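Residues per chain, in single letters:
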Amino acid sequence: MILPIIAYGDPVLRKEGEDISADYPNLKALIANMYETMYDAFGVGLAAPQVGLAIRLFVVDTTPFSEDEDLTKEEQAQLQGFKRTFINAKIIEETGDEWAFNEGCLSIPDVREDVFRKPKIKIEYQDEDFNTHVEEFDGLVARVIQHEYDHIDGILFTDKLSTLKKRLIKGRLSNISKGNISVDYKMRFPALKKKR
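Residues numbered from 1 in each chain as written. Predicted model: local features only at pLDDT ≥ 70, side-chain atom pairs only at ≥ 80, totals over all residues. Heavy atoms only, no water.

For the rest of this paragraph, the subject is the layout of surface pockets. Taken as a whole, the largest pocket holds about 410 Å³ of empty space. For the largest pocket, the lining is made up of 23 residues, of which Val44, Gly104, Cys105, Leu106 and Arg112 are closest to its centre. When contributions to the lining of the largest pocket are tallied by element, the ones reaching two or more residues are strand 5 (99-105), strand 6 (108-117) and helix 3 (139-152). Its residues assigned to classes, the lining of the largest pocket shows 12 nonpolar, 6 polar and 5 charged. In this structure, the second largest pocket occupies an estimated 160 Å³ of space. Contributing to the lining of the second largest pocket are Ile91, Glu94, Glu98, Phe116, Arg117, Lys118, Gln146, Tyr149, Asp150, Asp153 and Lys160. Sorting elements by how many residues they give to the lining of the second largest pocket places helix 3 first, with 3 residues. Here the residues of the lining of the second largest pocket are counted per class, giving 3 nonpolar, 1 polar and 7 charged. (1 Å grid on protein atoms, 1.4 Å probe; cavity = no way out; pocket = protein on both sides within 12 Å on 5 of 7 lines; lining within 4 Å. Points joined across faces, edges and corners; volume = space filled by probe spheres on them. Helix = DSSP H or I, 4+ residues; strand = E, 2+ residues; numbered from the N terminus. Nonpolar A, V, L, I, M, F, W, Y, C, P; charged D, E, K, R; others polar.)

Pasting the structure below:
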């Protein structure tokens with residue numbers, strides 16, 4: 001089932017997600033719905049707060065990035081078929097020299113900006129069967145994970161921009177929260193909710 005993606009400005013996107021246990025209600029269905037929602041919106045990652053749930057859960061599938069011709073064959077291979085569910089994730093460390101990459105977000109349509117992040121991460125998480133993993137990722141895979149991880153901490157990529165950049169996109173962000181934007185996927189806008 002395709003869920004509406006929560007737009008910028010909704011308080012749920014600012015909440016720190018809570019850990020969940022294996023008996024979280026309808027978890028398998030929720031994960032399946034999140035993947036379906038992400039694919040429908042042509043995303044490479046989706047976090048639970050983006051579908052209105054303040055819990056520590058996000059899904060990632062970097063396959064669409066693997067078709068980018070600017071990447072090396074090695075990078076393309078790493079991205080191809082990388083599909084993972086992260087539950088109760090904790091980033092243990094982020095290392096290396098920060099690098100910029102043009103990021104966007106399904107909750108903030110049509111806004112893309114360069115964000116600086118460290119290239120390597122070590123993360124502990126549970127998969128959909130609640131097996132615990134500690135893994136290291138780098139490059140674009142790490143970047144997608146960091147972006148989604150920020151969501152479960154109530155952080156958006158726009159928070160990482162300079163004061164000037166934030167000022168320049170303020171009007172666009174305001175329009176998104178009011179629903180003054182055309183998107184080709186299902187969304188829920190905070191300012192429209194209040195009017196009903």
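Residues Glu67, Asp68, Glu69, Asp70, Glu74, Glu75, Glu93, Glu136 and Asp138 make up a contiguous surface patch of negative charge. Counting only elements with at least two residues in the negative patch, the list comes to helix 2 (73-79) and strand 8 (132-138). Structurally, Glu74 is set in helix 2. (Patch = residues over 30% accessible without salt bridge, like charges linked within 9 Å, V, L, I, M, F, W, Y side chains within 5 Å. Areas by Shrake-Rupley, 256 points an atom, 1.4 Å probe, with all protein chains shown as cover. Salt bridge = Lys/Arg side-chain N within 4 Å of Asp/Glu carboxyl O. Lys, Arg positive; Asp, Glu negative; His and termini not counted. Charge placed at Lys NZ, Arg CZ, Asp CG, Glu CD.)

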